[in-house]
Structures are given as structure tokens and as C-alpha cells.
Amino acid sequence: MSILEYNGGCVLAMAGKGCVAIASDLRLGSQAQTIAFDKSKVFKLNDQCFIGLPGLLSDSQTFVDKLKFRTALYKLKEGREMQPSVLSHVTANMLYQKRFGPYFIEPVIAGLDENGDPFISAMDLIGAPVFAKDFVLAGTSSESLYGMSESLWREGLEPEDLFEVISQALLSAFDRDAVSGWGAVVHIITQDEIITRKLKARQD
Amino acid sequence: MAVEYNGGVVMAADSRTTTGAYIANRVADKLTPIHEKIYVCRSGSAADTQFIAENVKYWLDMHGVTLGELPLVKTASSLIQRLCYYNKNNFMAGMICAGWDPVDGGQVFSVPIGGVRVRQPFAVGGSGSTYIYGYCDANYHENMTLDECLEFVQNAVALAMARDGSSGGVIRTTVINEHGVERNMIPGNALPRFSEY
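The rules behind each value
Residues numbered from 1 in each chain as written. Chains lettered and ligands numbered in written order. Predicted model: local features only at pLDDT ≥ 70, side-chain atom pairs only at ≥ 80, totals over all residues. Heavy atoms only, no water. Helix = DSSP H or I, 4+ residues; strand = E, 2+ residues; numbered from the N terminus. Rg over C-alpha atoms; globule rule 2.2 N^0.38 Å. Buried < 20%, exposed > 50% of the residue type's maximum accessible area, 1.4 Å probe, protein only. Contact = heavy atoms within 4.5 Å. Pairing = 2+ DSSP bridges. Axes fitted to C-alpha atoms, helices over the stretch in contact; angles between N-to-C directions. Disulfide = S-S within 2.5 Å. Salt bridge = Lys/Arg side-chain N within 4 Å of Asp/Glu carboxyl O. Core = buried A, V, L, I, M, F, W, Y, C linked by side-chain atoms within 4.5 Å. Buried area = accessible area lost by both parts, 1.4 Å probe. Polar contact = N/O pair within 3.5 Å; in protein donor to acceptor, adjacent residues only side chain to side chain.

Trainee: Even after reading the chapter, I still don't get the overall build of chain A, so can you show me in this structure?
Mentor: When helices and strands are counted, chain A shows 4 helices and 12 strands. Computed over the C-alpha atoms, the radius of gyration of chain A is 16 Å, within 12% of the 17 Å expected from 2.2 N^0.38 for a compact globule of 204 residues. A principal-axis box enclosing the C-alpha atoms of chain A has dimensions of 45 × 40 × 25 Å. The buried share of chain A, reckoned over its 204 residues, is 54%.

Structure (C-alpha cells):
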């Protein structure tokens, strides 16, 4: 059993037309046993940047606190909010600092840059980044998520359509994973607003 | 799980088979017939339990033909115990043998890992069973009606499926009594739901 599979969980982010969506399941487990149904892996750092941190929950919570510190300090020094592409590089750098004793998390970043263009990226636990135009994902159901996303995603999705696509992809994928699921939360980020919805899912 | 009620037995199981964390089969049938009115609940290694069930089915069939009557549930469970005990170092199989015969009526025999055989009013097994010992002890009583018994097993299995990652899918039930055998299935969207915060 890998330490990245101990708590279970998955995150999916997709880009649409002038919007991004990021979603995660809500399960927290201790291997096979389910402990909680309300632990989202997606955290808001500012109005432009959301980060999903699936993997070992202990490291997710520690790392997001460090990120909140870095984004707050950035805002004080620069006088502006941290953009998602900058967050991506900061995260990668922080993870590589721990190259030989890493944080057991696989970050997924989604947001809109200052021009309103969608930005998504993901990286492995030691900070190797990937910048994609369509979707990025991580977690215990990653293989199923890749299959669903490749099939359902298409270019130019409006916010409401993007919501449908990301929800169906996530639900169908984690229903094949024994350690993910038990509900989901989806955030749709547009220039004007951030819509957060909870999905009703199988409780098994 | 299998439960004795006034008239026969009710058996219920989930339908999830996993290889690691991946759900290989989400609609598996874990309630296997080994004779007309004797079924087994299978848990543990799928390969081992399928092998044991097929073997016992063959021997029971021969025995039933020789006897000229319906074989007894205690005979069937004894055959399972024989295989599980003498091969205990190689098998990982937890079985619950339950059914109805004309001599002793409805009976439930548990043959967990290691090969002990014990008759019980009701038996639970599998990785999800640990989460429902309390619920079952609190809610079981003797001589339940069929409807009470069905509600008991459906709630118990649904609770186990919610907490155990290795359990899930649909709830399959089998009712065995002197009139025959009735098989049923409750799909995922019709499961009893409990607290979801």
C-alpha cells in the first residue's frame, strides 16, 4: 500500500470558455475504513487561485497552511494578488525543496489570470509541473479520471456545461474506486462569480 | 450475512470485488447456490471461495443423489469446514453456509478463516462486518417475520457499505424456506440512506 493511497481521494480540474472548474470527492479514510464524509481537498487561496491537494491529508493540511502564508506575504510585498501561474511555480519550488523527504501530495491548480484567461496545472509530489489546456487531475482514481475526461471534455465549454462535464467525469470515475467518493464538491470560477455546488453521490 | 427467521433463512451480501483500490466488479454475486435450498455467502479471496463452493457443490450433489433426499444444511457446512480446515495454510476464505432442510428447518452455519464451524442464529462476515456488529446485536431478535428480517439485513448491509471501502454496489438478498428460493436485488440508488452530514 502506497502512502499516497492511505487517505484516498481525487481532484479534477477543467478549463472552459472564460472559466475553470475544480472538483474533489469528500471522503476521508484510514485505508478501508471511512472516517469522514466532509473533507474537500480543494482550497481557495484567493479569488483567482484554487488548489486541490489529494494524497496524505496530513500533508495537504500542512502544505495549504504554508501556501496561505506565502500568498499573504506575496500580497503584502507586491501589493497585488498572486496569479495562478505564479502559484504553480511557487508550489513546484516548495515541493522540490523537500526532494528527498517529500510531501505526499499531488497538487492540482486552477484559476483565472488577471486577463480572465483560464489557467490549470498539476504536478507530482516533487514538483514536476504540467501545464495543460484541457484538464488536469490527481488522486487514487486517476486512471479512471483520465478515461472519463478524455471522453467527455471538449473545447469552449460554457460554465453550466463545464459543470455538467466535470461532475459526470468525477462521479463515474470515483465510483470505480474503493477509497474515493462519498460525495463531491465542484467550484466553477468565472470573472464575475464563484459558484460552489455539492453533488449527491453513492455512499459506498 | 445470513439470518434465521420464523420459516427459513434470509441471506444478504454486497456486490463489490476489488483488486487493491480498483473495483474490478461492482455487480458481483457473492451468494452462491451449492444445492437447491443451500447457499453460501463468500468472503475473502474470490478464487479460493469459488473453488471451495464448486467442490462442495459437486460432493453435495453426489450425496443428495445417493441419499435420494434433500441434503442437510449441517452436512453442507461440514463439507465446507473439512476443505477449509485441512487446507487452512493455503486458503483465505470466510464462508457462511445457510439454507433450509426438512429435518431442522432454517439454519445458519458460520465457517470463518481457520475452519471452525459454528451454528448461529445470525452470522456476519467479510471486511465490512466489523462495522455492524453493534447494529446487528442491538436489532436482532428471535422469530422475526420475513419483512422484519429483510429490513434488518438491508439496513445492516447498507451501513457496512457506507463505512467500508471494500464493500459497495448493490444489495443482493436470497430468501430460503420450505416453499422455495427467492432472489432479489436493491440497486445503489434505492439503498437505505443514513446520516450524510
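Trainee: Would you mind showing me how to read the side chain of Ser24 of chain A here?
Mentor: Relative to the helices and strands, Ser24 of chain A is located in strand β2 (residues 19–25). Not counting residues up to four positions away in its chain, the partners in contact with Ser24 of chain A are Cys10, Val11, Ser40, Lys41, Val42, Leu170, Ala184 and Val185 of chain A.

Trainee: Sorry if this is basic, but what is going on with the sheet that holds strand β10 (residues 122–123) of chain B here?
Mentor: All names here are of chain B. Across the sheet, which stays open at both edges, the 5 strands sit in the order β10-β1-β2-β11-β12 with antiparallel pairing between neighbours. Each of the sheet's edge strands pairs with one partner strand only, and the pair in question is β10 and β12 (180–186). Judged from the 7 bridges that link them, strand β11 (residues 171–177) and β12 form a sheet pairing that is antiparallel. Bridging from a neighbouring strand, Arg172 pairs with Met185 of β12. Sitting on the sheet, helix α4 (residues 146–163) touches β1 (2–5), β2 (8–13), β11 and β12, and the angle it makes with β11 is about 150°.

Trainee: Quick question: what am I supposed to make of the state of the cysteines here?
Mentor: Joining two cysteines, a disulfide is a covalent bond between their sulfur atoms. Residue and element names in this part refer to chain B. Scanning the entire structure with this criterion turns up 0 disulfides over all chains. Left unpaired, Cys84 is separated from the closest cysteine sulfur, that of Cys97, by 11 Å. You can see Cys149 has no disulfide; the closest cysteine sulfur is in Cys136, sitting 11 Å from it. Owing to a relative accessible area of 0%, Cys149 belongs among the buried residues under this scheme.

Trainee: How do you make sense of the pattern of salt bridges when you look at a structure like this?
Mentor: Where charged atoms from two side chains of opposite charge come close, those side chains can pair. Enumeration over the complete set of coordinates arrives at 12 salt bridges over all chains. Notably, a salt bridge pairs Glu81 of chain A with Lys75 of chain A, separated by 3.1 Å at the nearest N-O pair. A salt bridge links Asp29 of chain B to Arg183 of chain B; its shortest N-O distance comes to 3.2 Å. Residue Asp29 of chain B is found in the loop between β4 (22–25) and β5 (31–35), and its partner Arg183 of chain B is found in strand β12; the two are separated by 154 residues along the sequence.

Trainee: Just checking my understanding: could you explain the sheet that holds strand β11 (residues 184–190) of chain A for this structure?
Mentor: To summarise the sheet geometry, strands pair through backbone hydrogen bonds and adopt either a parallel or an antiparallel arrangement. All names here are of chain A. With antiparallel pairing, the 5 strands of this open sheet are ordered in space as β10-β1-β2-β11-β12. In this open sheet, the two strands that pair with only one neighbour each are β10 (135–139) and β12 (194–199). Strand-to-strand twist of the sheet, defined as the mean angle between neighbouring strand axes without regard to direction, takes the value 10°. Where β2 and β11 come together, 7 bridges link them in antiparallel fashion. Within β11, the position partnered with Val20 by the bridge is Ile189. Across the sheet, helix α3 (residues 142–152) touches β1 (10–15) and β10, and the angle it forms with β10 is around 160°.

Trainee: So what exactly am I meant to see when it comes to the nonpolar core here?
Mentor: The biggest cluster of nonpolar side chains holds 25 residues, and the ones touching the most others in it are Leu12, Met14, Leu145, Ile166, Leu170, Phe174 and Val186 of chain A. Elements with a minimum of two residues in this core: β1, β2, β10, α4 (159–174) and β11 of chain A. Looking at which element gives the most residues to this core, the answer is α4 of chain A, with 9 residues. What Met14 of chain A contacts, discounting residues up to four positions off in sequence, is Val20, Ala21, Ile120, Asp134, Phe135, Ser149, Trp153, Leu162, Val165, Ile166 and Ala169 of chain A. Within the second largest apolar cluster, 24 residues are counted, among which are Tyr5, Phe122, Met144 and Val175 of chain B.

Trainee: For this particular structure, what's the right way to read the pairing of β2 of chain A?
Mentor: Along any regular strand, the residues point their side chains to alternate faces of the sheet. Residue and element names in this part refer to chain A. Most of β2 is tucked away: 7 of the 7 residues are buried. In β2, alternate side chains face the same way, and those of Cys19, Ala21, Ala23 and Asp25 on one face and Val20, Ile22 and Ser24 on the other are all buried. Both β1 and β2 contribute to a ladder of 5 bridges, which runs antiparallel. What sits directly across from Ala15, in β2, is Val20. Linking β1 back to β2 in an antiparallel pair, the connection comprises 3 residues, with Gly18 at a positive phi of about 70°.

Trainee: Explain the interface of chain A and chain B here, please?
Mentor: Reports often express the size of an interface as the amount of accessible area lost when the parts come together. Residue-level contacts link 19 residues of chain A with 23 residues of chain B. Across the interface of chain A and chain B, roughly 1,700 Å² is buried in total on both sides, 47% from carbon and sulfur atoms. A per-residue breakdown of the area chain A buries against chain B is headed by Phe37, Arg176 and Asp204 of chain A, which together make up 37% of the total. Taken together, the links from chain A to chain B amount to 1 salt bridge. For Asp204 of chain A, the salt bridge goes to Arg16 of chain B, with nearest N and O atoms at 3.2 Å. Along the contact surface separating chain A from chain B lie 11 residue pairs in polar contact (both at pLDDT 80 or more). Element by element, the count of residues in the side of chain A that touches chain B is highest for strand β4 (residues 33–36) of chain A, at 3 residues.

Trainee: Could you clarify how one ought to interpret the pairing of strand β6 (residues 38–44) of chain B in this entry?
Mentor: Residue and element names in this part refer to chain B. Within β6, 6 of the 7 residues are buried, leaving the element largely enclosed by the surrounding structure. When β5 meets β6, the two strands line up antiparallel, connected through 4 bridges. Looking at the pairing, Leu31 lines up with Cys41 of β6. Taking the residues between adjacent antiparallel strands as the criterion, β5 and β6 are bridged by 2 residues. Across 7 bridges, β6 lies against strand β7 (residues 93–101) in antiparallel orientation.

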